[in-house]
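# Per-entry structural report
What follows is the residue order along each chain.
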Amino acid sequence: MSVLGSCASQNNLSQNNLSTTTTVGPNAEQELRALSKEKWQWMADKNVDKLATLFHDKSKFVHMSGTWKKDEELEIIKSGSIWYKNADVHDVAVEFIDDTAILWNRITLQAVVRGQEVSNEFTVTEVYKKQADGWKLLDLTFSSVRDTHSIRH
């Protein structure tokens, strides 16, 4: 097969594997801000049913002590191994790339981790993808920061 034929073949494969792009509406930023806020409340309430619907099946969660997948995050929340008591959100920034949204939360998190009360400053990165049935969380990453840390908009 010629190089040109190979490139054409690869191009056809790439086009066939593209998923349908879901349009992001004009109120998407407000929608995501509200969804993120609800997510923090669901985590505080240990509402794993709501979270299971929000979390994409292939989602990842990056914490100070490790990285794991959806089922483990839900079990950690359900068992209370980590109890996200309160996320005091200081600032939020949202950016879109096609049907993907990245949301940064600057928070003070009050939690109970393995029985110990803790308070930590984080910038939390949330990555969402718009699907036919709504936004799905792909990634939640906690980055430990100083209390003077700010998000540049």
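Throughout what follows, the structure given in this document is the object of discussion. (Residues numbered from 1 in each chain as written. Predicted model: local features only at pLDDT ≥ 70, side-chain atom pairs only at ≥ 80, totals over all residues. Heavy atoms only, no water.)

### Comments concerning the pattern of salt bridges
Inspection of every chain in the model, using the stated rule, returns eight salt bridges. Measuring nitrogen to oxygen at the nearest pair gives 3.7 Å for the salt bridge that ties Glu31 to Lys130. You can see Glu31 sitting in helix H2 (residues 28-44) and its partner Lys130 sitting in strand S5 (residues 116-131), a full 99 residues away along the chain. Glu31 gets classed as partly exposed once you look at its relative accessible area, which sits at 39%. Assessed through its relative accessible area of 16%, Lys130 is described here as buried. (Salt bridge = Lys/Arg side-chain N within 4 Å of Asp/Glu carboxyl O. Helix = DSSP H or I, 4+ residues; strand = E, 2+ residues; numbered from the N terminus. Buried < 20%, exposed > 50% of the residue type's maximum accessible area, 1.4 Å probe, protein only.)

### Considerations on helix H4 (residues 70-79)
A turn of α-helix holds 3.6 residues, and therefore any two residues three or four places apart point the same way. Listed as buried for H4 are Lys70, Glu73, Leu74, Ile76 and Ile77. One face of H4 carries all of its buried residues, which in axial projection span an arc of 160°. Opposite the buried face of H4, by more than 90 degrees, sit the exposed residues Asp71 and Lys78. Considering only its buried residues, H4 is in contact with H2, helix H3 (48-54), strand S1 (55-63), strand S2 (66-69) and strand S3 (82-97). Gly80 occupies a position one or two residues after H4 and carries a positive phi of about 85°. (Arc of directions from axis to C-beta. Contact = heavy atoms within 4.5 Å.)

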